Amino acid sequence: MSPLTFLLVAIVMLGAIAPVVGTWQILLAGAHAIRNHFRRTGPCLPRTVVVLPAWNEAQVIGATIDRVLGMDYPADRLRIMVVDDASTDATPEVIAERAGRYPGQVLHVRTEQGGQGKAHALNHGLERVLADDWAEAILIADADVQFEPGTLRRMARHLADPQVGAVTGYIKEGSHEPGYLNRFIAWEYLTAQAASRRTQDVLGGMACLAGGAQLHARGSLEAIGGRIDTSTLAEDTVATFETQLVGRRAIFEPHGVVWAEEPPDLRSLWKQRIRWSRGNLQVTRRYRGVWFRPWRRLGLSGITFGLAWFTVLLQPLLMIAASSALLVLLAMGDPHAWPAFRALWVTTALCYLFLTLSCLVIDRETARVAWREGVLFPGVVSVAIVVYTCVQAVAPWEVSAPGPLAWVLSAWLAGCMGVAWLAMRLESAPGGRWWSRGLIYLAGYGAFLCLVTLVAYVRELRGAERRWEKTEKHGRALMRP
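What you see is a predicted model, and the numbers here were worked out from it, not measured in a lab.

Thresholds applied
Residues numbered from 1 in each chain as written. Predicted model: local features only at pLDDT ≥ 70, side-chain atom pairs only at ≥ 80, totals over all residues. Heavy atoms only, no water. Helix = DSSP H or I, 4+ residues; strand = E, 2+ residues; numbered from the N terminus. Buried < 20%, exposed > 50% of the residue type's maximum accessible area, 1.4 Å probe, protein only. Contact = heavy atoms within 4.5 Å. Areas by Shrake-Rupley, 256 points an atom, 1.4 Å probe, with all protein chains shown as cover. Lys, Arg positive; Asp, Glu negative; His and termini not counted. Charge placed at Lys NZ, Arg CZ, Asp CG, Glu CD. Expected span 1.5 Å × (residues − 1). Bend = angle between axes of the 7 residues up to and from the residue. Axes fitted to C-alpha atoms, helices over the stretch in contact; angles between N-to-C directions. Parallel < 35°, antiparallel > 145°, perpendicular 65-115°, else oblique. Nonpolar A, V, L, I, M, F, W, Y, C, P; charged D, E, K, R; others polar. Patch = residues over 30% accessible without salt bridge, like charges linked within 9 Å, V, L, I, M, F, W, Y side chains within 5 Å. Salt bridge = Lys/Arg side-chain N within 4 Å of Asp/Glu carboxyl O. Pairing = 2+ DSSP bridges. Core = buried A, V, L, I, M, F, W, Y, C linked by side-chain atoms within 4.5 Å. Right-handed = clockwise from strand over helix to strand, strands pointing away.

Student: I tried to follow the overall build of the protein chain on my own but got confused; where do I start?
Tutor: Regarding its fold elements, the protein chain presents 17 helices and 8 strands. Dimensions of the protein chain, computed from C-alpha atoms along their principal axes, come out at roughly 75 × 55 × 45 Å. Residue burial in the protein chain is summarised as follows: out of 481 residues, 56% are buried. Sequence separation of at least 24 residues holds for 85% of the intrachain contacts in the protein chain that already meet a minimum separation of 6. Put simply, the protein chain shows about 20300 Å² of open surface, and 60% of that area lies on carbon and sulfur atoms. Between the centroid of the 49 positive side chains of the protein chain and the centroid of its 41 negative side chains there is a distance of 5 Å.

So this is what it looks like as C-alpha cells:
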C-alpha cells in the first residue's frame, strides 16, 4: 500500500469515528448505574425561585405556571418570577390572572425593550432575584415546558452536596399527537440526553444544562457573576462550563422529567438548530484552553469528553472527507477502494446496531413512540448500505467492487446532506410536505443535523449577525402517561 493510499484509507475510516465514539459513550453510560451522584443526595428543599422568560407566550405561559406550582414541592418554598419581555400579546393579562390565583407566589417583571433574547430577559429577572436574600436556589426554565410533579424535588436533592452548583433535568419531546419530525426529535433527545448526559455524569463533566430545566444553587450562580452570558448564542452552555470552571459540579437528574413542545416543521427546526450550532462553535473558540488537558483533573478537559464534543462538531466535515477519499480511490483504480468502503460501513453497522438496541431500552416510553424513527435515524439509504455491506462481508463469494454503483455509494456520506437540504427547500412548496418528509426518511434526520452544522460554519466564518430567533410555540406540549 502506497503512502497516498494509506492516507486516503485512513481518511475514509474517519467517517466512522462518530458512531465509534457514540458506542463508547453508551458503554460508559451503563456505568451510571454504579457511578453516579445519588449517594451524596439527601433531603434538600431550598427556597426556590423559578425564572420564566416570556415574550409573546400567551398561549403557553398560563399552563406552565400551573404545572410549576402544581409540583410536589412546599408552596411556601416556591415562587415564580415571570420576566415579561415587553410582550405585545395577552401575556401580561395571563400572568396577572395567575398572580391573582396564586397570591404571593407569582411575580411579574416587565422589561422596557423586548425581543433582545432569552439571556437578556433572564438577566433582568436574575438581578431582581439576587437583590433579595429569599432565594436559595434558582430554577431557569422556558415558558412552554411542562414539569412532572416530582421533578424539582428530585433535582433539588443533589444540592444537598455543597460541591454541586447546578442540576439539569431530562427534557423530553412532548408534542400532542407528534408528527414524524417530533418523533425524530424525541429519539434525538433520548440519545443526546438520557444516554449522553449519563455518560457525562460518569466522566464528571457536563456539556450543557438544558435551557428548559436548570437548577442553580444561589452561591454557584453568584460565583459565575450572577448573570447569563449574552455574548454568544449558547448562554446555557456557557453557564454550564463556567459553573464547572469555578469548581462546582453540574449534575444530570434523569428522573427530573420536563416535557417540551418542539418545532413541527423543518423551517422552524432549522432556525432553532442553526442558533444552537453557531453557539457551540462560539463556545468551542471561547474555551479553547480547556480541550484535551486531562492533567487538569476537570471532566471538561478529558479525552473522551473532547472526542464526544468534536466528533459532533466536525461530523459534516468528516463525512465530506470520507466520501471524497473514496471517490479519489475509485478514480485511481486503487484495489483498496472497495475494502475501505466495506470496512467503513461494517464498522458503522456494528455501532449502529449496538446504539439503536441500547437506546431502545434506556427509555422505553420514548422508544414506544419513536422506535421507527430510531431505526431510520441514519436514513433508509444508509440502513440499506449497512445491510448490503454486511451481507457482502459474510457472503461466501468475493466482490472486488460493486461496479458503477460504487460511485453513488461512495458519494452518499456527503450527498445525504444535499438530500436533506432539498427536503427543507421543498417543504414550503405547494404539496411539498410529503416530498420533504420522504426525503428526510431517505437521507436521515442525522444528515439534516449535519447540514445544520455545516451551514453554521459558513455563517460564523461570514460573521453573520448573532440574532436570537424565538421558536414559535402553540401550547401543544402534553405530558404523556
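Alright, that's what it looks like, and here's the rest.
Student: I tried to follow helix H11 (residues 303-332) on my own but got confused; where do I start?
Tutor: Each α-helix winds once per 3.6 residues, and so residues spaced three or four apart point in a common direction. Between its terminal C-alpha atoms H11 stretches only 36 Å, short of the 44 Å expected from 30 residues at 1.5 Å a residue. At Leu 314, H11 shows its maximal kink, close to 60 degrees; a proline, Pro 316, follows between one and four residues later. Two residues or fewer after H11 comes Gly 333, characterised by a positive phi angle close to 70 degrees.

Student: Got a minute to help me understand the packing of helix H7 (residues 180-203) against helix H13 (residues 364-375) in this structure?
Tutor: Helices that pack against each other are described as a pair by the angle of their axes relative to one another and the distance between those axes. Contact pair H7 / H13: the axes reach a minimum separation of 8 Å and the direction vectors enclose 105 degrees. As judged from the angle between their axes, H7 and H13 are roughly perpendicular. Residues Tyr 180, Arg 183, Phe 184, Ala 186, Trp 187 and Leu 190 of H7 touch H13, and the partners they reach there are Thr 366, Ala 367, Val 369, Ala 370, Trp 371, Glu 373 and Gly 374. For the contact of H7 with H13, a count of residues per class yields 9 nonpolar, 2 polar and 2 charged.

Student: Which parts of the structure should I look at to understand a nonpolar patch on the surface?
Tutor: Where nonpolar side chains cluster on the molecular surface, the patch consists of Leu 4, Leu 7, Val 328 and Met 332 and spans about 340 Å² of accessible area. Within the residue set of the nonpolar patch, elements represented by two or more residues are helix H1 (3-14) and H11. One can find Met 332 in helix H11. On the basis of relative accessibility, which here comes to 40%, the residue Met 332 falls in the partly exposed class.

Student: Explain the sheet that holds strand E1 (residues 48-54) to me, please; I cannot follow it from the model alone.
Tutor: Sheet strands pair by backbone hydrogen bonding; their relative direction is either parallel or antiparallel. If you walk across this open sheet you meet the 8 strands as E3-E2-E1-E4-E7-E6-E8-E5, and the pairing is mixed. Two strands lie at the open edges of the sheet, namely strand E3 (106-110) and strand E5 (146-147), each paired on one side alone. Two elements, strand E4 (residues 137-141) and strand E7 (residues 213-217), share 5 bridges in a ladder whose sense is antiparallel. What sits directly across from Ile 140, in E7, is Gln 214. Running over the sheet, H7 touches strand E6 (164-173) and strand E8 (249-260) and is turned about 155 degrees from E6.

Student: Just checking my understanding: could you explain the side chain of Gln 105 for this structure?
Tutor: Residue position: Gln 105 is located in the loop between helix H4 (91-101) and E3. Here Gln 105 falls in the buried class, since its relative accessible area comes to 15%. Ignoring anything within four residues of it in the chain, the contact list for Gln 105 reads Leu 69, Ala 75, Leu 78, Arg 79 and Ile 80.

Student: Explain the nonpolar core here, please?
Tutor: Ile 61, Ile 65, Phe 147, Leu 215 and Phe 448 are the most contacted members of the largest nonpolar core, which has 101 residues in total. Judged by nonpolar contacts, the second largest core, of 19 residues, contains Val 51, Val 109, Ile 228 and Ala 239.

Student: Teacher, can you tell me more about the pairing of E3 here?
Tutor: Two faces belong to every sheet, and in a regular strand the side chains alternate between them. In the sheet, strand E2 (residues 78-84) pairs with E3 via 5 bridges, with the strands oriented parallel. If you follow Val 83 over to E3, its bridge partner there is Val 109. Once you follow E2 into H4 and on to E3, the crossover reads as right-handed.

Nothing here speaks to function; it is geometry throughout.
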